[in-house]
Amino acid sequence: MNEEKMIRLLDEMNVLCRDDGHKFTTELRLDVIKKNLENSQYILTKGKLCHIYSKKPLNQIKKAVVVSSHVDCEEQIHNCFSEQIDNNLLKGTYDNSITNTAILTLMLKSDLPDNIRTKIFRYCLNMLRY
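Structural notes, computed from the coordinates.

Reading the values: the criteria
- Residues numbered from 1 in each chain as written.
- Predicted model: local features only at pLDDT ≥ 70, side-chain atom pairs only at ≥ 80, totals over all residues.
- Heavy atoms only, no water.
- Core = buried A, V, L, I, M, F, W, Y, C linked by side-chain atoms within 4.5 Å.
- Buried < 20%, exposed > 50% of the residue type's maximum accessible area, 1.4 Å probe, protein only.
- Helix = DSSP H or I, 4+ residues; strand = E, 2+ residues; numbered from the N terminus.
- Pairing = 2+ DSSP bridges.
- Salt bridge = Lys/Arg side-chain N within 4 Å of Asp/Glu carboxyl O.

With respect to the nonpolar core
In terms of nonpolar packing, the biggest core is built from 19 residues, with I33, L37 and M107 touching the most fellow members. At the level of elements, α1 (3–13), α2 (28–37), β5 (65–70) and α3 (97–108) are the ones that each hand at least two residues to this core. For this core, the leading source of residues is α2, giving four residues.

Considerations on the pairing of strand β3 (residues 43–46)
For β3 and strand β4 (residues 50–54), the ladder comprises four bridges, and the chain directions are antiparallel. Residue pairing for β4: L44 is matched across the bridge by Y53. Hairpin connection from β3 to β4: three residues lie between these consecutive antiparallel strands.

Section: the pattern of salt bridges
Within the structure shown, the criterion is met by three salt bridges. Across the salt bridge formed by R8 and E4, the nearest N and O atoms sit 3.6 Å from each other. Taken as a pair, R8 and E4 lie in helix α1 at a separation of four residues, close to a single helical turn. Judged by relative accessible area, R8 falls into the partly exposed class, the value being 46%. Overall, the relative accessible area of 55% leaves E4 in the exposed class. Residues K23 and D20 are paired through a salt bridge, measuring 3.0 Å at the closest nitrogen-oxygen approach. D20 gets classed as partly exposed once you look at its relative accessible area, which sits at 39%.

Given below as C-alpha cells:
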C-alpha cells in the first residue's frame with residue numbers, strides 16, 4: 001500500500017466511535033474497519049466492547065499473539081477532522097485512528113502471521129502473548 005492510499009485510509013478511519021461502558025454507541029470507525037476487511041481472509045468475532053479479527057476461527061489458534069488497539073474517541077472530541085498540510089505533514093484529530101490505520105494497513109497487506117488475533121477495542125494499545 002503506498003503512502004497516498006494510507007493517507008486516504010487514515011482520513012476514512014478518522015470518524016467517531018463511542019461507547020457507554022457496556023456497548024458501542026457510535027460505531028462509525030468500526031464500520032470503516034469492517035468494510036475494508038469484508039473481502040479479506042479475516043473473520044470477525046464480536047464482544048461487547050471489542051471486535052476481534054483473525055485469519056482462522058479463534059478456537060483453531062493454539063498459540064496466539066494478540067495485537068490490540070483501542071478504537072473509541074476521547075470524550076472531548078465531537079468532530080473528527082483530517083487534512084494534509086503538505087506532502088510531509090498531516091493535521092487532525094488522530095487520537096486512536098492512527099494506530100487503527102496502522103494495524104488495518106498491515107492486515108490489508110497480509111503482513112501479519114496466521115497466529116495473530118487483532119483486537120480492536122475501547123482500551124489501550126498493547127501486545128500480549130498467550
